[in-house]
Amino acid sequence: MTEVYSQQDIRIPEERTQLFTQLYEEAFPKVAKFVANRGGTFDDARDIFHDALVVLYENSLKDNEVESTEAYVIGISKHLWIRKFNNAQRCVALDELEKAIPIPEDIHEPADRRLTSLLELTGRKCLELLRAFYYDSLSLDQIK
């Protein structure tokens, strides 16, 4: 039963409650089915539908000519769900990302051993210079 509810003034609390109740009874099952068919849950459908009612309410306050129909609320709900679903598709689960990143074997190696192994790669002469300067606290003039 698709009706135009424009006769009701959404700014009057009693009429708004009546309008939202009618829309909930008529439109929510269709929104829930749409969301469920696209991988959503009942809670997702409820959240999307409530957001659609807020959009309807805000648009009605701005423009009295907004037709508060079942089709209007369903259309808003579908648009909101598609946007939410598309945004969720862009996200990557951390489990998948973690599997894709190679972790070095020496990641848990103590810092001193890692530093020593890196310094050994620089060469013996460089290691002696660094050791004399930092560990022996010799000045550059003394090292020459």
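Treat the numbers as computed from the prediction; the structure is a model and nothing was measured.

S.K.: Sorry if this is basic, but what is going on with helix α6 (residues 124–135) here?
M.R.: Each turn of an α-helix holds 3.6 residues, which means side chains three or four residues apart point in the same direction. Here α6 is 12 residues long and its end C-alpha atoms lie 15 Å apart, about the 16 Å a rise of 1.5 Å per residue gives. Serine 137, located one to two residues past α6, shows a positive phi value of around 55°.

S.K.: What is the right way to look at the pattern of salt bridges in this model?
M.R.: In total, this model carries 3 salt bridges according to the counting rule given. With a closest N to O distance of 2.5 Å, glutamate 70 and lysine 30 form a salt bridge. Residue glutamate 70 is found in helix α3 (residues 70–89), and its partner lysine 30 is found in helix α1 (residues 13–37); the two are separated by 40 residues along the sequence. Residue classification places glutamate 70 among the buried residues on the basis of a relative accessible area of 2%.

S.K.: Looking at this model, I keep getting lost on the nonpolar core. Mind explaining?
M.R.: One broad trend across soluble globular proteins is that nonpolar side chains are buried collectively. Core analysis: the biggest nonpolar cluster contains 20 residues, and Leu23, Val35, Phe49, Leu53, Leu56 and Val73 have the highest contact counts within it. Contributions of two or more residues to this core are made by α1, α2 (42–62) and α3. Counting residues per element, this core draws most heavily on α1, which supplies 8 residues. Once residues lying within four places of it in the same chain are set aside, the contact partners of valine 35 are Gly40, Thr41, Asp44, Ala45 and Trp81.

S.K.: Would you mind going over the environment of isoleucine 10 with me for this structure?
M.R.: Relative to the assigned elements, isoleucine 10 resides in the segment before α1. The buried category is assigned to isoleucine 10, whose relative accessible area is 5%.

S.K.: Honestly, a nonpolar patch on the surface in this entry has me stumped. Any pointers?
M.R.: Taken together, Leu115, Phe133, Tyr134, Tyr135 and Leu140 make up a surface patch of nonpolar side chains, about 610 Å² in accessible area. By residue number, the principal contributor to the nonpolar patch is α6, which donates 3 residues. Within the secondary structure layout, phenylalanine 133 lies in helix α6.

S.K.: Looking at this structure, how should I read the environment of valine 73?
M.R.: Tracing the sequence through the fold places valine 73 in helix α3. Between the alpha carbons of valine 73 and alanine 52 there is a distance of 6.0 Å; along the sequence they are 21 residues apart. In this view, valine 73 contacts Leu23, Phe49, Ala52, Leu53 and Leu56; residues no more than four positions away in its chain are not counted.

Reading the values: rules and limits
Residues numbered from 1 in each chain as written. Predicted model: local features only at pLDDT ≥ 70, side-chain atom pairs only at ≥ 80, totals over all residues. Heavy atoms only, no water. Helix = DSSP H or I, 4+ residues; strand = E, 2+ residues; numbered from the N terminus. Expected span 1.5 Å × (residues − 1). Salt bridge = Lys/Arg side-chain N within 4 Å of Asp/Glu carboxyl O. Buried < 20%, exposed > 50% of the residue type's maximum accessible area, 1.4 Å probe, protein only. Core = buried A, V, L, I, M, F, W, Y, C linked by side-chain atoms within 4.5 Å. Contact = heavy atoms within 4.5 Å. Patch = residues over 30% accessible without salt bridge, like charges linked within 9 Å, V, L, I, M, F, W, Y side chains within 5 Å. Areas by Shrake-Rupley, 256 points an atom, 1.4 Å probe, with all protein chains shown as cover.

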